[in-house]
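Here is what each chain is made of, one letter per residue.
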Amino acid sequence: MEAIILVGGFGTRLRPLTLTVPKPLLPLANIPMVERMIRNLPEIFDTAILAVNYGLNDMRKYFEGRDIGKKVIIVPEEEPLGTGGAMRNCIDYVTGTTAVFNGDVVSSINLNEMLEQHIKTKAKGTLALWKVKDPSRFGVVEFSNGEILQFQEKPEKGSELSNLINAGTYLLELEILEMIPPNQKISIERDIYPKVAGNGLHGFPFEGYFIDSGTPESYLEANFKSIGNNGTASHTGASIRGSVMIHEDAKLEHCIIGPNVIIGPKVKLEKCVIRNSVILSNVNSYGAVIEDSIIGPNIQVKNDIKQNLISPEGKIAF
Ligand code: GDD
Ligand code: MG
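Cut-offs applied
Residues numbered from 1 in each chain as written. Chains lettered and ligands numbered in written order. Predicted model: local features only at pLDDT ≥ 70, side-chain atom pairs only at ≥ 80, totals over all residues. Heavy atoms only, no water. Near = heavy atom within 4 Å. Polar contact = N/O pair within 3.5 Å; in protein donor to acceptor, adjacent residues only side chain to side chain. Areas by Shrake-Rupley, 256 points an atom, 1.4 Å probe, with all protein chains shown as cover. Helix = DSSP H or I, 4+ residues; strand = E, 2+ residues; numbered from the N terminus. Nonpolar A, V, L, I, M, F, W, Y, C, P; charged D, E, K, R; others polar. Contact = heavy atoms within 4.5 Å. Pairing = 2+ DSSP bridges. Buried < 20%, exposed > 50% of the residue type's maximum accessible area, 1.4 Å probe, protein only.

Chemist: Go over the site of ligand 1, please, and point to the residues and values.
Modeler: For ligand 1, the set of nearby residues contains 25 residues, the closest of which are Gly8, Glu77, Glu153, Asn166 and Glu189. One of the side-chain N or O atoms of Asn102 is found 3.0 Å from an oxygen atom in ligand 1. In this structure, an oxygen atom belonging to ligand 1 sits 2.7 Å away from a side-chain N or O atom of Asp104. Out of a free accessible area of 740 Å², ligand 1 has 84% covered by protein chains. For the shell around ligand 1, the leading source of residues is helix α4 (residues 82-88), giving three residues. Looking at the shell around ligand 1 residue by residue, the class counts come to 10 nonpolar, nine polar and six charged.

Chemist: Now, about the side chain of Asn166: what can you tell me, with residues and values included?
Modeler: Within the element layout of this structure, Asn166 appears in strand β11 (residues 164-172). There is a polar contact of 2.9 Å between the side chain of Asn166 and the backbone nitrogen of Gly168. Not counting residues within four places of it along the chain, the set of residues in contact with Asn166 comprises Ala128, Leu129, Gly139, Phe151 and Glu189.

Chemist: Residue-level account of the sheet that holds strand β25 (residues 300-301), with values.
Modeler: Sheet architecture is open: four strands sit in the order β16-β19-β22-β25, paired in parallel fashion. A single partner strand is all that each edge strand has here, and the edge strands are β16 (251-253) and β25. In this structure, strand β19 (residues 268-270) lies alongside strand β22 (residues 284-286), joined through three bridges in parallel fashion. Counterpart to Lys268 in the pairing with β22 is Asn284.

Chemist: For the environment of Ile148, give the residues involved together with the corresponding values.
Modeler: Looking at the element boundaries, Ile148 is found in strand β10 (residues 147-153). Relative accessible area serves as the criterion here: at 0%, Ile148 is assigned to the buried category. Considered as a pair, Ile148 and Val244 are 96 residues apart in the sequence and their alpha carbons are 40 Å apart. Residues contacting Ile148, with those up to four places away along its chain left out, are Leu127, Leu129, Val141, Glu142, Phe143, Ala197, Gly198, Leu201, His202 and Gly203.

Shown next as structure tokens:
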């Protein structure tokens, strides 16, 4: 079975960091976001298809010769085709029921359970659904007895049909992919789902967590969730507080690390205090206090830092 991962988009809200690293290759707990998604696929999915426009060369370079346990096919788009157009562009590589993921979503969805439901209900499509307080910046559904009766993308505040949103994970029959006109810019959310709603489109509400990891704050949160049970419990060069992940190629001396910290490869820190932050590869510092920040790669930190994103192309406060 195949899974399509939509990895277009410029990662605008994570600039300037995404000027040097395309968003899908930004690490979550030291593993690139898209690789993590592929590794998390249930065994029954043997092939991951990456629908790519921005960052194509970096993506090709990253996956070339790297074995991550699944077949990886990179399908380029000359022009961004939109979420629907990008899926349609992958149709030659799929053989039946297909999973589709928004590449920027990090969630606790159980895809096996979702697939079981999808098969049992004989749905044309099943969309993972998540409950939020403010649904207006998402796709919103009217949901009843397991079926999606209406779909509205980014409705105006006040006109939302419910608090249940499209969580960006789908199981689709070929019939739906074939409804998408080829070689055109098509939004699956605006142009296709409203038409299939009420006619075989099902929903799979889930609980746990759901993070659209596109902003500095949500990128941090997605990182902290991704530590999971794989955290670093102790380290010779640091006193550890709470959930922390330290890469084996990092060198720390007399540091206080945590809670919620990820330290990447080739990082060198001495007498630093780090809280609620992601330190990407090859960051150096002596004596800095770093809080609520994203730093790196390849940065020398000389001063204390709070709520900043500091990258080789510049920095922003958030
Ligand atoms: N290949 C390709 N080509 N991918 C694309 C394109 C494109 O032209 N446009 C968007 N994508 C990818 C993005 O990279 C992202 O992974 C995914 O499709 C969704 O696009 P976003 O731009 O992140 O959309 P959104 O976050 O505003 O809304 C979507 O996600 C919400 C959940 O986070 C919609 O699916 C909403 O309905 C949903 O609620
Ligand atoms: Mg998004």
